[in-house]
Amino acid sequence: MNTKSKPVSENPTAHQPLRSFREPRATEWHKLDATEQDSLSDDESKQAKSRAEHARERLEQTLLAALKMEHVMILAGSGCSYGVVGSNGSKGPSMTELWNTVVGSEATESAKKVAGRVQYNIENKDIEAFLSQIEGWLSLMGDDTEVSAFLKTAKQKILEKCGGFIEGAPLTAHKSFLHRLSRRRVRDQRLKVFTTNYDLCFERAAAELGCIPIDGFSFSNPRHYDPRFFDYDIIRRTRSGDKQSTYLEGVFQLYKLHGSVNWEKQNNGTIKEAQQPDPERACLIYPASGKYQKSYDQPYLESISQYLAAIREPNTCVLVVGFGFNDDHLSQPLLSSVQSNPHLRVIIVDPSLQDKAENEGQANRFHKALFEASESGEDVWFINATFDQFAELIPDLKSLTPPERLFLAVQGTQKGAGHD
């Protein structure tokens, strides 16, 4: 794979931070892009380009080795959807955009009235805290028509905002991401994708690629949820029957940790797919403090259990992409695994990582702990890039030359004997 970057003028993400990475036992960030600066001489410019090329080669070898590990899992957050733009111009919403959708950039009168009733300071502009305050107030005070109606409307707006932006979106980065990762050897464990996003970006991208996500739902319509389906796989049987069956390529496991915009719980408790689920019956964990407790109800319990088990497996690579480490119930177990699983490699991708590392006030406690763990020698890597930029960096596993395959096979054997 050619990992050379496009010139800045041709790069659609030129307005975003330049890509860089940091490896274990280091604090230096290696630039992956050579910037054009008028102040640089020709020799200095050549040196900068040479350093960037060397850094890209170093990172490519690291990613190749990581993707050849027995277990590869993804933890994907809302940052993976920010770059998705639908045909109507809408894009994956941030928490600020959800606040503006529910409350308004300038708070509506109804929002102010409800905030006053539940004693929430609306100037804080925190959608998670506001909805938590409403839910807590209703649980103590009992049903209130106006407050309950506002909460239901808020859920409806969040459901529409998180589900509607995908229409007409090309999903270029998601398709490139899945295409390259799904080309792992079929004898390896299936790729596991854990996502906190409600949207259908990964499902739509998989459908356009011809990949098959095993997501806990039945293979027949109407599709219903049963965690037993996660134990199923798909094989290719020869027509003649004289050859051994093989695992089908492009199959991966998809776990929606906080639910999905097309899941709905029926009156009998069954969870089915629905195009436009009722906001009160939709199976998604709305942004509120109660999401930690709800994570341990079905259908979320199965995904959380699989996540906790996956990060404890030996010879595992965890790719953390677009995840801000704001969910304690996911961040704390990962940090604990970094500290206790000697055969775990963690690669964290975020466009603000370098800022967080260099400006302590921008990093939360999990970022700080992971930076410290990496500096002390734990196998934790940081890539300062957006999801779209990172999708371009993932090496094509099937483009390896025979010597490269031999090198990685030997390297994998050495890693199997102990921690790298």
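Shown above is the structure to which this text applies.
The structure contained in this document is the topic of the report that follows.

Procedures and definitions
Along each chain, the written sequence defines residue order, and numbers are assigned to residues from 1. pLDDT decides what is reported in this predicted model: residues at 70 or higher carry local features, side-chain atom pairs at 80 or more are listed and counted, and totals for whole chains, interfaces and linings draw on all residues regardless. Think of the side-chain values as coming from all heavy atoms in the structure, minus any hydrogens and water. For helices the rule is a DSSP run of H or I covering at least 4 residues; for strands it is a run of E covering at least 2, with both sets numbered from the N terminus onward. The contact rule is simple, with two residues in contact once any of their heavy atoms fall within 4.5 Å. The rule is short: rings of Phe, Tyr and Trp, with Trp giving its six-membered ring, pair when the centres are within 6.5 Å, and they are stacked under 30 degrees, edge-to-face over 60, tilted in between. Type-normalised accessible area, obtained with a 1.4 Å probe on protein chains alone, sets the label of each residue: buried when under 20%, exposed when over 50%, and partly exposed for intermediate values. Whether two strands pair comes down to DSSP finding at least two bridges between them.

Within the element layout of this structure, Ser 105 appears in the loop between α2 (95-102) and α3 (109-117). For the pair Ser 105 and Lys 125, spaced 20 residues apart in sequence, the C-alpha separation works out to 9.1 Å. Every residue in contact with Ser 105, bar those within four places of it in the chain, is listed here: Asn 100 and Lys 125.

A separate point is the packing of aromatic side chains. Scanning the entire structure with this criterion turns up 19 aromatic pairs. On the numbers, 4.6 Å between centres and 10° between planes, the contact of Phe 194 with Tyr 255 is stacked. Of this pair, Phe 194 sits in strand β4 (residues 192-195) while Tyr 255 sits in strand β8 (residues 251-256), placing them 61 residues apart in sequence. Taken individually, Phe 194 and Tyr 255 each receive the classification buried, so the pair is uniform in this respect. Residues Phe 217 and Trp 263 carry aromatic rings whose centres are separated by 5.2 Å and whose planes lie at 45° to one another, so their mutual orientation is tilted. Placement of the pair is Phe 217 in the loop between β5 (212-214) and β6 (235-236) and Trp 263 in strand β9 (residues 259-265), with a sequence separation of 46 residues.

A few words now on the pairing of β9. With six of its seven residues buried, β9 lies for the most part within the structure. Taken together, the two bridges between β9 and strand β11 (residues 282-284) define a ladder with antiparallel strand orientation. The partner of Glu 264 across the bridge, within β11, is Ala 282. In the sheet, β9 pairs with strand β10 (residues 271-273) via three bridges, with the strands oriented antiparallel. Bridge pairing in β10 places Trp 263 opposite Glu 273.

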